[in-house]
Structures are given as structure tokens and as C-alpha cells.
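# Structural overview
In case you want the letters, here they are:
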Amino acid sequence: MIADDHFLIRRGLRLLLEGEPDLKVVAEAENGQELLRQITEMKCDLVILDLTMPGLDGLSTLDRIKSAYPDVYILILTVHKNQTFISDALSRGADGYVIKEEQEEIILHAVRRVLAGQ
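Residues numbered from 1 in each chain as written. Predicted model: local features only at pLDDT ≥ 70, side-chain atom pairs only at ≥ 80, totals over all residues. Heavy atoms only, no water.

## Thoughts on the environment of E105
Note the threshold: Secondary structure elements follow DSSP: runs of H or I no shorter than four residues count as helices, runs of E no shorter than two count as strands, and numbering proceeds from the N terminus.
Relative to the assigned elements, E105 resides in helix 5 (residues 104–115). On a C-alpha basis, the gap between E105 and D22 in space is 15 Å, while along the polypeptide they are 83 residues apart.

## Notes on the side chain of R10
For the record, the criterion: Polar contacts, as counted here, are pairs of nitrogen or oxygen atoms within 3.5 Å of one another; within protein the pair requires one atom able to donate a hydrogen and one able to accept it, and residues that are adjacent in sequence qualify only if both atoms are side-chain atoms. Whether two residues touch is decided by their heavy atoms; if any such pair falls within 4.5 Å, the residues are in contact.
Position of R10 relative to the elements: it lies in helix 1 (residues 7–18). Of the polar contacts made by the side chain of R10, one reaches the side chain of E28; its length is 3.3 Å. Apart from the residues lying within four places of it in its own chain, the contact partners of R10 are I2, D4, D5, E28, A29 and E30.

## So, the nonpolar core
In plain terms, the rule: Among the buried residues, those of types Ala, Val, Leu, Ile, Met, Phe, Trp, Tyr and Cys that are joined through side-chain atoms within 4.5 Å form a nonpolar core. When a residue's accessible area, from a 1.4 Å probe over protein chains only, is under 20% of the maximum for its type it is buried; when over 50% it is exposed; and in between it is partly exposed.
L35, V47, L49, I65 and I76 are the most contacted members of the largest nonpolar core, which has 24 residues in total. The set of elements that each furnish at least two residues to this core consists of helix 2 (32–39), strand 3 (46–49), helix 3 (58–68), strand 4 (73–78), helix 4 (83–91) and strand 5 (96–99). The contacts of I76, once residues within four sequence positions are left out, are L49, L51, A89, A94, G96, Y97 and V98. Counting residues in each nonpolar core, the second largest holds 16 residues, with L17, L23, L77 and L108 among its members.

## Points about the side chain of T78
Within the secondary structure, T78 sits in strand 4. Here the side chain of T78 touches H80 through a polar contact of 3.3 Å, landing on its backbone nitrogen. Dropping the residues within four chain positions of it, T78 is found in contact with D50, L51, Y97, V98, I99 and K100.

## Overview of the environment of S91
Relative to the elements of secondary structure, S91 occurs in helix 4. S91 gets classed as exposed once you look at its relative accessible area, which sits at 59%. For the pair S91 and F7, spaced 84 residues apart in sequence, the C-alpha to C-alpha distance is 28 Å. Polar contacts involving the side chain of S91 include one to the main-chain carbonyl oxygen of D88, which spans 3.0 Å.

## Here's the deal with the pairing of strand 3
Applicable threshold: Two strands pair under a simple rule: DSSP has to find at least two bridges between them. A crossover counts as right-handed when, viewed with the strands pointing away from the observer, the path leading from the first strand over the helix to the second turns clockwise.
Here strand 3 shows two buried faces, one formed by L46 and I48 and the other by V47 and L49. Pairing analysis gives four bridges linking strand 3 to strand 4, with the strands arranged parallel. Paired with L46 across the two strands is Y73, which belongs to strand 4. For the handedness criterion, the β-α-β arrangement of strand 3, helix 3 and strand 4 is classed as right-handed.

Pasting the structure below:
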């Protein structure tokens, strides 16, 4: 699942991920509330989650997902490079953290490593 408030980011990630034979996007959400509604209906192994979204932000969404679905991996994909954001997300249970400006290969590598439990 992908949660990001920017349509073009969601669309680009979907195209990138679904271009890989071993990956499939089951849902997209533009905010945390929408993601939490969808995650109850869709089975997913990984959520790619933006930190800055209107309404329920990424960190609050992360807390709720990890509480209700501890086996779902969460990869943060954000513009925030600040060490405080990184530490906060990881200490709250994020399984990975990638900056949006990274190359496609780095994002795919992060997705696969997180899915492998690394």
C-alpha cells in the first residue's frame, strides 16, 4: 500500500513497483485516515508511508498501524532528512526510511530489504 498526499508521487511509485514482477500495489491513500480504512479491507505486507500528510500525519498513522497490524512492514518515504525525524520514525517502529530524492534503484532496494525483514 502507498500513502502519500501527492497524486503524482503515488502514481509514480505505483508504476515503479508494478514494473517489478515480484511487487504489487494493492491500494493507495492520500492521508492516514484513508490508509487506516483501507488496511482493514486489504491484505498487505508493506506500507510505503509519507510523514507529512493532512489530517492524520505519518507518525500517528505509523503508531496505529504497528499497534493494530504489527506484522505489516512500514517504509517511510519522505522529504525529511532531519535526524530527529529519522530517529523518531525508527523508534516508533518504522522498518525503513528513504528520502524521496533517491534514485529508483535505491527505493526498490529498500522495499525488498524491508520485505525481507532487514
